[in-house]
Amino acid sequence: MTSRFGLSVALATPFDGDGNIAIEAMIAQARRSLAAGCSSVTLFGTTGEGSSIGNGERERVLAAFLDAGIAPGNIIVGVLVDAAEDAAMQAGQALSRGARNILLAPPSYFKNVSDDGVFQWFSAVFALLGDKARDIIVYNLPSVTMVPLSVSLIGRLRTAFPHIVTGVKDSSGDWPYTEALLEAHSDLIILVGDERHLARAVRLGGQGAISGMANFVPHELKPMAEEGKDDSRVADFVLELLKHPVVPAVKAMVARTTSEETWIAVRPPLTSISGEARAQLALAFDTLFRSKAA
């Protein structure tokens, strides 16, 4: 890497009244995010409900983004599937179009699996990708996958695949783990998903974040991701988000900041948060960001 990773927005995915992806609204949100200082957009991650987006949909969205003039070097693609063949297909689809990185989560259907098993799964994905394999950011999200990526496993992966595994996104919310990861693998792109730990991680060598909150507070997150500057408002609002199912809560905030109700919808098995919950988030947001900024 010739420059710091910076801030990538974990782009939310809007759905129309028929449950189809509202691609134009998604592209507009990507453009707003890039104009606000995000260095890239991450499609189909956790905030983007990537595990609920099919292969054909992915291809249509990616093609539409490129046709709209969003450079492939500004696009990261999340891959959240269990079968190595499916993971390689989705990753290869994006890499063939020039995507900057792949955010690759471990398989998550089987629980209590060993590091050996997870290592073998990643190895199988890379073998299936063949010459396409590059710029893989492995995704540690144990609260969702229930498959933690240990610091030693990441060491095995980067040693075995030094030109393929180039980074880690840590969304564990476990600061001792994050600190150990930064100490052991400082030459990898270490990204932090929990905004409460972001600035501290950047000061210790982290390269930035892939952040769901960047959908609605990119200006506040940019100094945290690029300069390691603390912002207590962001940390406090994370606590408010965590009082609700996080993905629907983030989408509610996107709906509020864009004044587009399309963003409220989520794809099953998720359900949207209530109007009362949206009002609680709006009040907390205004109290934190607007009152303190005044």
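Structure: see above.
Now for a description of the structure that goes with this document. (Residues numbered from 1 in each chain as written. Predicted model: local features only at pLDDT ≥ 70, side-chain atom pairs only at ≥ 80, totals over all residues. Heavy atoms only, no water.)

### Examining the packing of helix α3 (residues 84–96) against helix α4 (residues 115–129)
In a pair of packed helices, the angle between the axes and the distance between the axes together describe the arrangement.
Right, so step 1: The interhelical angle for the contact between α3 and α4, taken along N-to-C directions, is 50 degrees, at an axis separation of 9 Å. Judged on the interaxial angle alone, α4 and α3 are oblique. For the crossing formed where α3 meets α4, the hand is right-handed. Facing α3, whose interface residues are A84, E85, A87, A88, A91, G92 and L95, α4 presents W121, A124, V125, L128 and L129.
Right, so step 2: Partitioning the contact of α3 with α4 into residue classes produces ten nonpolar, one polar and one charged. (Axes fitted to C-alpha atoms, helices over the stretch in contact; angles between N-to-C directions. Helix = DSSP H or I, 4+ residues; strand = E, 2+ residues; numbered from the N terminus. Parallel < 35°, antiparallel > 145°, perpendicular 65-115°, else oblique. Left-handed = near helix turned anticlockwise from the far one by under 90°. Contact = heavy atoms within 4.5 Å. Nonpolar A, V, L, I, M, F, W, Y, C, P; charged D, E, K, R; others polar.)

### Notes on α3
Right, so step 1: Here α3 contains 13 residues, and its C-alpha end-to-end distance of 18 Å stays within 8% of the 18 Å for a straight helix at 1.5 Å per residue.
Right, so step 2: When we look at burial in α3, the residues that qualify are A84, A87, A88, Q90, A91, G92, Q93, A94 and L95.
Right, so step 3: Tucked inside the fold, the buried residues of α3 contact α2 (55–67), β3 (75–79), β4 (101–104) and α4.
Right, so step 4: At the C-terminal side of α3, G98 shows a positive phi close to 95 degrees. (Expected span 1.5 Å × (residues − 1). Buried < 20%, exposed > 50% of the residue type's maximum accessible area, 1.4 Å probe, protein only.)

### Section: a nonpolar patch on the surface
Right, so step 1: Residues Y109, F110 and V113 make up a contiguous nonpolar surface patch of roughly 390 Å² in combined accessible area.
Right, so step 2: Mapped onto the secondary structure, Y109 falls in the loop between β4 and α4. (Patch = residues over 30% accessible without salt bridge, like charges linked within 9 Å, V, L, I, M, F, W, Y side chains within 5 Å. Areas by Shrake-Rupley, 256 points an atom, 1.4 Å probe, with all protein chains shown as cover. Salt bridge = Lys/Arg side-chain N within 4 Å of Asp/Glu carboxyl O.)

### Examining the nonpolar core
Right, so step 1: Counting 91 residues, the largest nonpolar core has L43, F65, L104, F126 and F237 as the members making the most contacts within it.
Right, so step 2: Considering every element that reaches this core, the biggest residue donor is α4, with seven residues.
Right, so step 3: Not counting chain neighbours up to four residues away, the residues in contact with L43 comprise L11, M26, V61, L62, F65, I75, I76, V77 and G78.
Right, so step 4: Judged by nonpolar contacts, the second largest core, of eleven residues, contains A10, I137, I189 and L191. (Core = buried A, V, L, I, M, F, W, Y, C linked by side-chain atoms within 4.5 Å.)

### A closer look at the packing of helix α6 (residues 151–160) against helix α7 (residues 175–184)
Right, so step 1: Running from N to C, α6 and α7 cross one another at 30 degrees; their axes reach a closest spacing of 10 Å. The angle between the axes of α6 and α7 places the two elements in the roughly parallel class. Of the two possible hands of crossing, α6 and α7 adopt the one that is right-handed. Taken together, the residues of α7 that come into contact with α6 (itself represented by V151, I154 and R158) are Y177, A180, L181 and A184.
Right, so step 2: Within the contact of α6 with α7, the residues separate by chemical class into six nonpolar, no polar and one charged.

### A short note on unusual backbone geometry
Right, so step 1: Following P268, the chain continues into P269 via a peptide bond in cis, with omega recorded as 15 degrees.
Right, so step 2: Within the element layout of this structure, P269 appears in the loop between α11 (246–258) and α12 (275–293).
Right, so step 3: Positive phi, normally seen in glycine, also occurs at N112, with a value near 55 degrees.
Right, so step 4: Among the structural elements, N112 can be located in the loop between β4 and α4.
Right, so step 5: Since its relative accessible area comes to 77%, N112 is described here as exposed.
Right, so step 6: Of note in the backbone geometry, M146 takes a positive phi value of approximately 60 degrees without being a glycine.

### Quick word on the pairing of β4
Looking along a regular strand, one sees the side chains alternate between the two faces of the sheet.
Right, so step 1: Covered by surrounding structure in β4 are N101 and L103 together with I102 and L104, the residues of both alternating faces.
Right, so step 2: One ladder, built from four bridges, connects β3 with β4; its direction is parallel. By the bridge assignment for β4, I76 is matched with N101.
Right, so step 3: This β-α-β element, β3 to α3 to β4, shows right-handed connectivity. (Pairing = 2+ DSSP bridges. Right-handed = clockwise from strand over helix to strand, strands pointing away.)

### Brief notes about the pairing of strand β8 (residues 208–211)
Right, so step 1: Residues of β8 alternate between two faces, with G208 and I210 on one and A209 and S211 on the opposite face, all of them buried.
Right, so step 2: Note: strand β1 (residues 6–10) against β8, four bridges, orientation parallel. Residue pairing in the sheet places G6 in a bridge with G208 of β8.

### A word on the packing of aromatic side chains
Aromatic ring pairs are reported here in terms of the distance separating the ring centres and the angle at which the planes meet.
Right, so step 1: Tallied over the full model, the rule gives ten aromatic pairs.
Right, so step 2: Relative to F161, the ring of F119 has its centre 6.1 Å away and its plane inclined at 35 degrees; by these criteria the two rings are tilted. One end of the pair, F119, is in helix α4; the other, F161, is in the loop between α6 and β6 (165–170), and 42 residues separate them in sequence. F161 carries the same exposure label as F119, and that label is buried. (Phe/Tyr/Trp six-rings, centres within 6.5 Å; stacked < 30°, edge-to-face > 60°.)

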